[in-house]
Amino acid sequence: MGGDGDRKMGILNLKINVDLKKAPDAAKMEKQAAGVVGATLTEMGLMMERAVKEETPLGATKLLRGSIFSEPRGTPIREVLVSSTQIYAPIVERGRQPGKFPPIGPIELWVRRKLGVDPGKSKGVAFVIARSIARKGTKGAAMFYKGFVRGRPTLERLANKIGGTIVAEWER
């Protein structure tokens, strides 16, 4: 053969030693690490849920504060959602821009419960408030943002402990 076929190809010798006795330990260690991460994330979620609830305005029904929850996600747990089941939560968080009239019903309930206005007059008062909201908008409560800012040092402390906790689990 002539040409390129006469050249010697470089050969890479690679030797891999696998100690199968240690494989079960690796799986056990991975499971322990996932458990530590999951427990820490769950703790972080509960801490953030509490912080957000403390920043949430009560309103007329007190439903918004009660609707805030934390939910660990994934198997193993890799994230935690802190959210609300109430459709109006984003409006309370960020506020409302001027523009359309808001629904009168919830405002009328708020007028009766928070301002103590008689049912016969509450619709008129609610209309005036709704008109003002349509013209000026509302400021958001920023309960999720404030809760995160307040809880951030604790979140960072918990996150920084994960590695040490995993190693401690492995050494047990």
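One structure accompanies this document, and this report is about it. (Residues numbered from 1 in each chain as written. Predicted model: local features only at pLDDT ≥ 70, side-chain atom pairs only at ≥ 80, totals over all residues. Heavy atoms only, no water.)

1. Thoughts on the layout of surface pockets
Empty space left among the atoms is revealed by rolling a probe the size of a water molecule over them. By volume, the largest pocket is sized at about 890 Å³. Elements that contribute at least two residues to the lining of the largest pocket include exactly α2 (63–67), α3 (89–94), α4 (104–115), α5 (119–136) and β4 (138–139). Here the element with the most residues in the lining of the largest pocket is α4; it accounts for 4 residues. In terms of residue class, the lining of the largest pocket is made up of 17 nonpolar, 4 polar and 3 charged. (1 Å grid on protein atoms, 1.4 Å probe; cavity = no way out; pocket = protein on both sides within 12 Å on 5 of 7 lines; lining within 4 Å. Points joined across faces, edges and corners; volume = space filled by probe spheres on them. Helix = DSSP H or I, 4+ residues; strand = E, 2+ residues; numbered from the N terminus. Nonpolar A, V, L, I, M, F, W, Y, C, P; charged D, E, K, R; others polar.)

2. Examining α4
The end-to-end C-alpha distance of α4 is 15 Å, a good match for the 16 Å that 12 residues give at a rise of 1.5 Å each. Within α4, burial applies to Ile107, Glu108 and Val111. All buried residues of α4 fall inside an arc of 105° around its axis, so they share one side. Seen from the buried face of α4, the exposed residues on the opposite side, beyond 90 degrees, are Pro106 and Arg113. Looking at the buried side of α4, the elements it contacts are α5. One or two residues past the end of α4 sits glycine 116, with phi positive at roughly 70°. (Expected span 1.5 Å × (residues − 1). Buried < 20%, exposed > 50% of the residue type's maximum accessible area, 1.4 Å probe, protein only. Arc of directions from axis to C-beta. Contact = heavy atoms within 4.5 Å.)

3. Digging into the packing of α4 against α5
Viewed as axis vectors pointing N to C, α4 and α5 meet at an angle of 120°, and their least axial separation amounts to 8 Å. The angle between the axes of α4 and α5 places the two elements in the oblique class. Seen along the crossing, α4 lies across α5 with a hand that is right-handed. Contacts between α4 and α5 pair Ile104, Ile107, Glu108, Trp110, Val111, Arg112 and Leu115 from the former with Pro119, Ser122, Lys123, Val125, Ala126, Phe127, Ile129, Ala130 and Ile133 from the latter. Taken together, the residues of the contact of α4 with α5 break down into 12 nonpolar, 1 polar and 3 charged. (Axes fitted to C-alpha atoms, helices over the stretch in contact; angles between N-to-C directions. Parallel < 35°, antiparallel > 145°, perpendicular 65-115°, else oblique. Left-handed = near helix turned anticlockwise from the far one by under 90°.)

4. Brief notes about the environment of arginine 152
In this fold, arginine 152 is placed in helix α6 (residues 143–171). Along the sequence, arginine 152 and methionine 44 sit 108 residues apart, while their C-alpha atoms lie 9.8 Å from each other.

5. Side note on the pattern of salt bridges
The full count for this structure, using the stated rule, is 6 salt bridges. Put simply, arginine 150 and glutamate 54 hold a salt bridge, and the shortest N to O gap is 2.3 Å. One end of the pair, arginine 150, is in helix α6; the other, glutamate 54, is in helix α1 (residues 23–55), with 96 residues separating them in the sequence. For arginine 150, a relative accessible area of 41% puts it in the partly exposed group. Assessed through its relative accessible area of 48%, glutamate 54 is described here as partly exposed. Taking the shortest distance from any N to any O, the salt bridge between glutamate 156 and arginine 152 comes out at 2.9 Å. (Salt bridge = Lys/Arg side-chain N within 4 Å of Asp/Glu carboxyl O.)

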